[in-house]
Amino acid sequence: STTCANLAMAMAMDGKKVIIVDADLRRPSQHHLFKVDASPGLTDILIGAHTIDEVMRPTSVANVFIIPAGSPP
C-alpha cells in the first residue's frame, strides 16, 4: 500500500493525474494513508449505490485522487 501511494505521488509530481483504487476489501488501508473517509467507495460503485464521480476524492497531494474500498461487502 505504501509503495502504491509513493508511486502515485511520484507520478503526480511529474505532472500526471493519478487515481488510486483501493481494491483490498479485506484490509483496506489507502484511506488511512491519505486521511479520507472509507465510505462510500469501490464496493458502493459495484452494487450501483454510487457513481465513480461520487466516490472519487481529492487528496492533500495535487493531482492524486483516491477511490477507497468502501462499505464492507
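What counts and how
- Along each chain, numbering runs from 1 in the same order as the chain's sequence is written.
- Selection of residues for local features in this predicted model requires a pLDDT of at least 70, selection of side-chain atom pairs for listing and counting requires 80 or more, and totals for whole chains, interfaces and linings are taken over all residues.
- Side-chain measures here rest on the full set of heavy atoms in the structure, leaving out hydrogens and waters.
- Strands are treated as partners if at least two bridges between them are detected by DSSP.
- Secondary structure follows DSSP: runs of H or I at least 4 residues long count as helices, runs of E at least 2 residues long count as strands, and numbering of each begins at the N terminus.
- Any two residues whose heavy atoms approach within 4.5 Å are treated as being in contact.
- Salt bridge, as applied in this entry: a Lys or Arg side-chain nitrogen positioned within 4 Å of an Asp or Glu carboxyl oxygen.
- Partly exposed describes any residue whose relative accessible area lies between the buried limit of under 20% and the exposed limit of over 50%, with all areas from a 1.4 Å probe on protein chains only and scaled to the type maximum.
- What we call a nonpolar core is a set of buried Ala, Val, Leu, Ile, Met, Phe, Trp, Tyr and Cys residues that are connected through their side-chain atoms within 4.5 Å.
- Inter-axis angles, ranging from 0 to 180 degrees, are taken between N-to-C directions of lines fitted to C-alpha atoms, where helices are fitted over the stretch in contact.

## Details of the pairing of strand 3 (residues 64-67)
Every regular strand shows the same layout, with side chains that alternate between the two sheet faces.
Alright, step 1. In this sheet, strand 3 lies alongside strand 1 (residues 18-21) in parallel orientation, the contact comprising 4 bridges. What sits directly across from Ile 19, in strand 3, is Phe 65.
Alright, step 2. Pairing of strand 2 (residues 57-58) with strand 3 involves 2 bridges; the strand directions are antiparallel. Each residue of the ladder has a partner; that of Pro 58, found in strand 3, is Phe 65.
Alright, step 3. Hairpin connection between strand 2 and strand 3: a loop of 5 residues separates the two successive antiparallel strands, and Asn 63 in this loop has a positive phi of roughly 75°.

## Considering the environment of Pro 58
Alright, step 1. Residue position: Pro 58 is located in strand 2.
Alright, step 2. For Pro 58, the contacting residues outside a window of four places in its chain are Val 36, Val 64 and Phe 65.

## Overview of the pattern of salt bridges
Alright, step 1. Under the counting rule described, the total for this entry stands at 1 salt bridge.
Alright, step 2. Here Asp 14 ties to Lys 16 by a salt bridge, and the two come within 2.8 Å at their closest N and O atoms.
Alright, step 3. A relative accessible area of 40% places Lys 16 in the partly exposed class.

## Some words on the nonpolar core
Alright, step 1. One finds Ala 5, Ala 8, Ala 12, Val 18, Ile 20, Phe 34, Val 36, Val 64 and Ile 66 forming the largest nonpolar core, which totals 9 residues.
Alright, step 2. Counting only elements with at least two residues in this core, the list comes to helix 1 (2-13), strand 1 and strand 3.
Alright, step 3. With 3 residues, helix 1 is the largest single contributor of residues to this core.
Alright, step 4. Filtering out sequence-adjacent residues up to four positions away, Val 36 remains in contact with His 31, Arg 57, Pro 58 and Ile 66.

## Description of the sheet that holds strand 3
Strands belonging to one sheet form pairs held by backbone hydrogen bonds; the direction of such a pair is parallel or antiparallel.
Alright, step 1. Pairing in this open sheet of 3 strands is mixed, and the strands run 1-3-2 from one edge to the other. Edge positions in the open sheet fall to strand 1 and strand 2, since each of these has one partner strand only.
Alright, step 2. Relative to strand 1, helix 1 is tilted by about 170°, and along the sheet it contacts strand 1 and strand 3.

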